[in-house]
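Fold and geometry: a report
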Amino acid sequence: MTEQIIVSSAVIIGTVIVALIALRGWQGWLALKERELERESHPRQEIDSGSSIGAARIEIADLKERLRKLEAIASGVDL
C-alpha cells in the first residue's frame, strides 16, 4: 500500500515538473513571437539599415519607366 502511494506521488510530482517546464517553454516562445511582432511594427529600424531604401528607389524607377511606356502606347507612339 505504501509503495503505491510513493509511486503515485512520484508520478504526480514528475507530471507537475514536466508541465512546469512546458509552461516555461511556451512563455519563452510567446515572448519571442512578441519581440518579432514589435520589430515588424517599427519600420524605422528597417529604413535606418538602408537596405530597403535602395530597393524602394529601384521599384519607383521601374514604375516610372512602365508609366512612360504606357503613356507612349496610349498616345500611339511605337517603342
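Residues numbered from 1 in each chain as written. Predicted model: local features only at pLDDT ≥ 70, side-chain atom pairs only at ≥ 80, totals over all residues. Heavy atoms only, no water.

1. Focus on the overall build of the chain
Inclusion rule: Counting from the N terminus, the helices are DSSP H or I runs at least four residues long and the strands are E runs at least two residues long. Remark: exposure states derive from per-residue accessible area (1.4 Å probe, protein chains only) relative to the maximum for the residue type, with buried under 20%, exposed over 50%, and partly exposed in between.
For the chain, the helix and strand inventory stands at 3 helices and 0 strands. Put simply, the chain runs from its N terminus to its C terminus through helices and strands in the order α-α-α. Burial statistics for the chain: of 79 residues in total, 1% are counted as buried.

2. Things to note about the pattern of salt bridges
A side chain with one charge may pair with a side chain of the opposite charge, provided their charged atoms come close. Convention followed: The working definition used for a salt bridge is a side-chain nitrogen of Lys or Arg within 4 Å of a carboxyl oxygen of Asp or Glu.
Applying the stated criterion to the full structure yields 3 salt bridges. In this structure, Arg66 and Asp62 form a salt bridge, with 3.4 Å as the shortest nitrogen-oxygen distance. With Arg66 and Asp62 both in helix H3 (residues 51–75), this residue pair falls 4 residues apart, about one helical turn. A relative accessible area of 51% means that Arg66 is categorised as exposed.

3. Some points on a nonpolar patch on the surface
Inclusion rule: Residues form patches when they are more than 30% accessible in relative terms and have no salt bridge. Like charges link within 9 Å. Nonpolar side chains (Val, Leu, Ile, Met, Phe, Trp, Tyr) link within 5 Å. All accessible areas in this document rest on Shrake-Rupley with a 1.4 Å probe, and a residue is counted as covered only by the protein chains that are shown.
Among the surface-exposed residues, Ile12, Val16, Leu20, Leu23, Trp26, Trp29, Leu30 and Leu32 lie close enough to one another that they form a single nonpolar patch of about 780 Å² accessible area. Residue Ile12 is classed as exposed on the basis of its relative accessible area, which comes to 54%.

4. Some details on the confidence of the model for the chain
The criterion, for reference: pLDDT measures the predictor's confidence residue by residue and takes values from 0 up to 100.
Per-residue pLDDT for the chain has a mean of 85; in total, 85% of the residues score no lower than 70. Considering each helix and strand of the chain separately, the mean pLDDT is smallest for helix H2 (residues 43–49), with a value of 54, and largest for helix H1 (residues 2–41), with 94.

5. Things to note about the packing of aromatic side chains
Basically, it comes down to this: Pairing of aromatic side chains here covers Phe, Tyr and the six-membered ring of Trp, requires ring centres within 6.5 Å, and sorts the geometry by plane angle: under 30 degrees stacked, over 60 edge-to-face, intermediate tilted.
Applying the stated criterion to the full structure yields 1 aromatic pair. When the ring of Trp26 is compared with that of Trp29, the centres are 5.3 Å apart and the planes differ by 25°; the resulting orientation is stacked. With a gap of 3 residues between them, Trp26 and Trp29 both fall in helix H1, about one helical turn apart.

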